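# Fold and geometry: a report
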Amino acid sequence: MKTVIIGGVAAGMSAAARLRRLDEYAEIVVLERGNYVSYANCGLPYHIGGEINEREDLLIATPEHLRDTLGIDVRTGHEVVSIDRAARKVEVLVREPSNGEEEEVYAESYDNLVLALGGEPVLPPLPGVDHPRIFTLRTIPDMDCIKAQVDAGARHAVVIGASYIGIEMVEALHRRGISVDLVELQDQVMPLFDREMAAGLHYHLEHHGIGLHLGTSAQSFSDIRGRVQVSLANGTRLLADLVVMAVGVRPAAALAREAGLELGTRGGLKVDANMRTSDSHIYAAGDMVEVIDTVTGEPANIALAGPANRQGRIVAENIAGRDSRYGTTQGTAIVGTFDMVSAITGASEKALQRSGRRYRKVYLHPSSHADYYPGATEMHMKLLFAPDDGTLLGAQIVGFDGVDKRIDVLATAIRAGMTVYDLERLELAYAPPYGSAKDPINMAGFVASNLLRGDVDFWYAEDYPGATADALIVDVRDEQEYDEWHIDGALHFPLVGLRSRLPELHKVARGRRVLLYCTVGFRSYLAYRVLVQNSFRGVATLAGGGLTFAGYHPSRLATGRPPEPFASHAEDAPEYYELVGNA
């Protein structure tokens, strides 16, 4: 049985290696149009930035190594240009044939064909986009070209696109001493995240001197004495030594389309649970295939290395005669930027709204570990869940320490179909350097469960000012905090002494809704419990407190200095929760 695999990186080499382990006698041919196979393309920005010093560390295996250890016939510089499904043959263009000729074309037969061509960077058809100093980053040669410009003394760069690759390239270039401007069409960085969760990263990038140009796009490029002038839609012009285009990746589906294979609604190649295409002899895996979103159940194109490797493995198992099935993709991802870590799993609020899915949400700002142990840092967490049974739908976390640990727990919980009530009961590792007795995961479960049980009601930052116009907004922090900043129009009734002022608050409220807030939401929750047990009606507390509010509404909607993201808020810290009981 002969299997031909087109594409020699994540999905393709996973399929090849797994198939060899299952079938010692299978004939396996890997055709890769580039000169490298089995390399760590997720590590490319880190070599440019200098964190990974040796280029060879990115090369996981060579064709010779794969041939010697696994008996796989790996051919680099071999591009498949067409598929003859009826004859079960592919036409192969050899770009650097051994006989010294310029090009060579031959046909390769197959019993099973595996398509693993990955994705291709989106390059908008803008005037001047073919300038020699405009790059995309997807392959080893791409990395080499960018690094050559950096090593040659580039001083200013423009990165277009503020998602994962764009953000990683911003830091890589900055580490090399290059001044960087970041351009993003959306009005936020990290567009896959909800806007308020990206606010801290926005401030963090500015703090490190990155020029942000949000809510605008590149319109054209022109040459200025060998440099690139980038003209933006808002009239800004940026002059750069190099430009990195990171506006997205699309499935590399042209070859499949020309072969008449069925594509999905999002442009990726359509496959069944066994990763088989509309042709029973052709499988596909990786960034080029369309998957089903775990939470929304809708078709999606999700380009991630983990799913690509698992899909390649599943392809091999099916070719070897096993019934192995791929389920869904939930999009768990993480990115670090100047020590700040942003992570997401499951659906964002934006995605739930697009799909029409009902949901509830909570925010919290716990510390990464016990506050009394040195080095604790703040995390911003957002949890999305079903309003009826509390089934987890999505989570986002931004912070500096412990983000990866918590997002992996939540990713596992979503995959297992767990609820917010399950999070309350999870028994997680605790010692002061690593967590708290009530871990942030437990705290998220407490807050969300309180909401569903009716122990608390929230109002949200996006409600302001329209839906809060007729309500009484009450700040329960201390006097100094109130004087530093407060929401416009808020009255001051500190938590300390609140019980003695209840008659006064009753008189002021006059039957109106009372909307409480503090810095992170805990003191206002305590105030909420006081009020609802003293005959107040229509009481709610601000979800996530002033820190989340500032993510929606910058200082223009607050009086005084707004709260700083990721500052220390000791009175609202998790150890304070320990003293007064569960949230």
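Keep in mind the model is a prediction, meaning the values are calculated, not measured.

### Quick word on the pairing of strand S13 (residues 218-224)
- Pairing of S13 with strand S14 (residues 227-232) involves six bridges; the strand directions are antiparallel. Paired with Ile 224 across the bridge in S14 is Arg 227.

### Digging into a nonpolar patch on the surface
- A contiguous nonpolar surface patch, about 340 Å² in accessible area, is contributed by Tyr 372, Tyr 373 and Tyr 430.
- On the secondary structure map, Tyr 372 appears in the loop between strand S23 (360-364) and strand S24 (380-385).
- Tyr 372 sits in the exposed class, given a relative accessible area of 55%.

### What about the confidence of the model for the protein?
- Considering every residue of the protein, the mean pLDDT works out to 93; 94% of them sit at 70 or more.
- Confidence drops under a pLDDT of 50 for residues 573-583, and excluding neighbours within four residues, the segment shows 30 contacts in the predicted structure.

### Digging into the sheet that holds strand S29 (residues 491-492)
- Sheet architecture is open: five strands sit in the order S26-S31-S30-S27-S29, paired in parallel fashion. Strands at the two margins of the open sheet, each flanked by one partner only, are strand S26 (458-459) and S29.
- Both strand S27 (residues 472-475) and S29 contribute to a ladder of two bridges, which runs parallel. Note on S29: the bridge partner recorded for Asp 475 is His 492.

### Topic: the packing of aromatic side chains
- Across all of its chains, the model carries four aromatic pairs by this definition.
- An angle of 55° between the planes, with centres 6.2 Å apart, marks the rings of Phe 458 and Tyr 460 as tilted.
- Exposure remark for Tyr 460: the relative accessible area of 10% places this residue in the buried category.
- Directly above the ring of Trp 485 sits Arg 477, whose terminal nitrogen or CZ lies 4.0 Å from the centroid.
- The ring of Phe 493 has Arg 501 lying over it, and the distance from NZ or CZ to the ring centre is 4.1 Å.

### Here's the deal with the pairing of strand S16 (residues 242-245)
- Burial along S16 is two-sided: the face carrying Leu 242 and Val 244 and the face carrying Val 243 and Met 245 are both buried.
- As paired elements, strand S9 (residues 134-135) and S16 share two bridges and run parallel to each other. For Phe 135, the partnering residue across the bridge sits in S16 and is Val 244.
- Judged from the four bridges that link them, strand S10 (residues 156-160) and S16 form a sheet pairing that is parallel.

### Topic: helix H14 (residues 502-509)
- Three or more residues of H14 are buried, namely Leu 502, Leu 505 and Ala 509. What you see down the axis of H14 is that its buried residues fit within an arc of 60°, all on one side. Of the residues in H14, the exposed ones pointing more than 90 degrees away from the buried face are Pro 503 and Lys 507.

### Observations regarding the sheet that holds strand S3 (residues 73-76)
- Read across the sheet, five strands follow the order S3-S2-S1-S7-S18 without closing on themselves; strand pairing throughout is parallel. A single partner strand is all that each edge strand has here, and the edge strands are S3 and strand S18 (282-284). Each adjacent strand pair in this sheet contributes to an overall mean axis angle of 15°, direction not counted.
- As paired strands, strand S7 (residues 112-115) and S18 are joined by three bridges and run parallel to one another. Across the sheet, Val 114 pairs through a bridge with Tyr 283, a residue of S18.
- Across the sheet, helix H8 (residues 305-319) lies against strand S1 (2-6), S7 and S18, angled at about 155° from S18, the strand it touches most.

About the cut-offs
- Residues numbered from 1 in each chain as written.
- Predicted model: local features only at pLDDT ≥ 70, side-chain atom pairs only at ≥ 80, totals over all residues.
- Heavy atoms only, no water.
- Pairing = 2+ DSSP bridges.
- Helix = DSSP H or I, 4+ residues; strand = E, 2+ residues; numbered from the N terminus.
- Patch = residues over 30% accessible without salt bridge, like charges linked within 9 Å, V, L, I, M, F, W, Y side chains within 5 Å.
- Areas by Shrake-Rupley, 256 points an atom, 1.4 Å probe, with all protein chains shown as cover.
- Salt bridge = Lys/Arg side-chain N within 4 Å of Asp/Glu carboxyl O.
- Buried < 20%, exposed > 50% of the residue type's maximum accessible area, 1.4 Å probe, protein only.
- pLDDT = per-residue confidence, 0-100.
- Contact = heavy atoms within 4.5 Å.
- Phe/Tyr/Trp six-rings, centres within 6.5 Å; stacked < 30°, edge-to-face > 60°.
- Lys NZ or Arg CZ within 6 Å of the ring centre and 35° of its normal.
- Arc of directions from axis to C-beta.
- Axes fitted to C-alpha atoms, helices over the stretch in contact; angles between N-to-C directions.

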